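# Chain and residue survey
Read off the chains here:
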Amino acid sequence: MMNLVIFGAPGCGKGTQSERLIERFGLHHISTGELLRDHIARGTELGKIADGYISKGHLIPDDLMIRVLAHELEEKQDKTANGVIFDGFPRTIPQAIALEKLLDEHNAGIHAVVGLEVDEDELVKRMIQRGLESGRADDNIDTIKERLNVYHQRTAPLRDYYKKQGKYVPIDGNGSVEDIFKTIEDALNKQS
Ligand code: AMP
């Protein structure tokens, strides 16, 4: 079993590299952003609440987000035997602590945190391009700026948090999807 966290600023390529990692290692993908967008599309109560935060580029409050993740893990228990790739969670220290607790209940833990490190100009360029291609509502310049602020304030401290645990695997996330994936694969092989 290998539980991975894919980590980095918005637009760093978490979703793209997750797809490759799923194929390679047979992992179950949990993207909290996708989960929330699905709720918004279906017009659920959670979707209505989440939309208010996402459209402003803010984070969903920790207590709610942790409950959503716990529910998802519970519901998908039969699919997570090989491990999970957590994409977009944790985004705060309290979320990281909650994830550890949840995994610990199943005698599991986090194997590695793959940190995709991408230059800020490139992040903005990628998100604007994604907004044009996918129509993702929060990929507009004002929301992008706010998401980057929120990332630096609330999420970036997780780098040191996981470095101290010896779990942080830094990856240069500039370059082609193929080359970045190869770097991740090599780094994970060394880590195990
Ligand atoms: P993402 O698809 O991971 O970029 O997430 C899109 C948006 O969903 C974020 O900008 C947040 O508003 C919200 N979101 C996703 N995951 C989380 C999380 N773990 N904690 C709080 N908000 C989240």
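Our structure's up above, just so we're on the same page.
A brief report on the enclosed structure follows. (Residues numbered from 1 in each chain as written. Predicted model: local features only at pLDDT ≥ 70, side-chain atom pairs only at ≥ 80, totals over all residues. Heavy atoms only, no water.)

## Considering the sheet that holds strand E4 (residues 112–117)
Heads up, the rule is: When DSSP finds at least two bridges between two strands, those strands are taken to pair. By the criteria applied, helices consist of DSSP H or I runs no shorter than four residues and strands consist of E runs no shorter than two, each listed in order from the N terminus. Lines fitted to the C-alpha atoms define the axes, with helices restricted to the stretch that makes contact. Angles between their N-to-C directions range from 0 to 180 degrees.
Sheet architecture is open: five strands sit in the order E2-E3-E1-E4-E5, paired in parallel fashion. Whereas interior strands pair on both sides, the edge strands pair on one side only; in this sheet they are strand E2 (28–31) and strand E5 (168–172). On average, adjacent strands in this sheet sit at an angle of 20° to one another, irrespective of strand direction. Pairing between E4 and E5: five bridges, direction parallel.

## Some thoughts on the packing of helix H1 (residues 14–25) against helix H9 (residues 177–191)
Packed helix pairs are specified by the crossing angle of their axes together with the interaxial distance, meaning the distance between the axes. Inclusion rule: We call two directions roughly parallel when the angle between them is under 35 degrees, roughly antiparallel when it is over 145, roughly perpendicular when it lies between 65 and 115, and oblique otherwise. With the far helix as reference, a near helix turned anticlockwise by less than a right angle produces a left-handed crossing, and one turned clockwise produces a right-handed crossing. Note on contacts: a residue pair is in contact if any heavy atoms of the two residues lie within 4.5 Å. Here the term charged refers only to Asp, Glu, Lys and Arg, the term nonpolar to Ala, Val, Leu, Ile, Met, Phe, Trp, Tyr, Cys and Pro, and the term polar to all other amino acids, Gly among them.
Running from amino to carboxyl end, H1 crosses H9 at an angle of 50°, the nearest separation of the two axes being 10 Å. Looking at the two axes, H1 sits oblique to H9. Here H1 and H9 pass one another in a crossing that is right-handed. Counting all contacts with H1, which are made through Thr 16, Gln 17, Arg 20, Leu 21, Arg 24 and Phe 25, the residues of H9 involved are Val 177, Glu 178, Ile 180, Phe 181, Ile 184, Glu 185 and Leu 188. Looking at the contact of H1 with H9, its residues break down into seven nonpolar, two polar and four charged.

## Let's talk about unusual backbone geometry
Glycine aside, residues mostly have negative phi angles, and peptide bonds mostly take the trans form. Cis geometry marks the peptide bond from Phe 89 to Pro 90, where omega comes out at 0°. By the secondary structure assignment, Pro 90 is in the loop between strand E3 (84–87) and helix H5 (93–104). Within the chain, Asn 107 stands out as a residue other than glycine whose phi angle is a positive 50°. Relative to the helices and strands, Asn 107 resides in the loop between H5 and E4.

## What to know about the environment of Leu 27
Our working rule: Here's how the labels work: a residue is buried when its accessible area is under 20% of the maximum for its type, exposed when over 50%, partly exposed in between, all with a 1.4 Å probe on protein chains only.
Of note, Leu 27 is situated in the loop between H1 and E2. Judged by its relative accessible area of 5%, Leu 27 falls in the buried class. The spacing of Leu 27 and Glu 117 is 90 residues in sequence and 22 Å in space, taken between C-alpha atoms. Ignoring any residue separated from it by four or fewer positions in sequence, one finds Leu 27 in contact with Met 2, Leu 4, Leu 21, Ile 22, Asn 82, Gly 83, Val 84 and Ile 85.

## Let's talk about the site of the ligand
Quick note on the threshold: Near is defined per residue: the residue qualifies when any heavy atom it owns lies within 4 Å of the molecule or strand. Here a polar contact is recorded for every N or O atom pair within 3.5 Å, except that within protein the pair must consist of a potential hydrogen donor and a potential acceptor, and residues adjacent in sequence are included only if both atoms are side-chain atoms. Surface exposure here means Shrake-Rupley accessible area, sampled with a 1.4 Å probe, where a residue is shielded only by the protein chains that are shown. Throughout, the protein atoms alone are placed on a 1 Å grid, and a set of points is a cavity if a 1.4 Å probe fits but cannot get out or a pocket if it is open with protein on both sides within 12 Å along at least five of seven lines; lining residues have an atom within 4 Å of a point. Molecule-in-pocket calls rest on the fraction of atoms, with more than half required to lie within 2 Å of the cavity or pocket grid points.
In the vicinity of the ligand lie 15 residues, with Thr 32, Arg 37, His 58, Gly 88 and Arg 91 positioned nearest. Between the ligand and His 58 there is a distance of 2.6 Å, counted from an oxygen atom to a backbone nitrogen or oxygen. Within the side chain of Arg 91, an N or O atom sits 2.9 Å from a nitrogen atom of the ligand. Against a free-state accessible area of 480 Å², the protein chains account for coverage of 96% of the ligand. Of all the cavities here, the one that holds the ligand is the largest pocket. By residue number, the principal contributor to the shell around the ligand is helix H2 (residues 32–42), which donates four residues.

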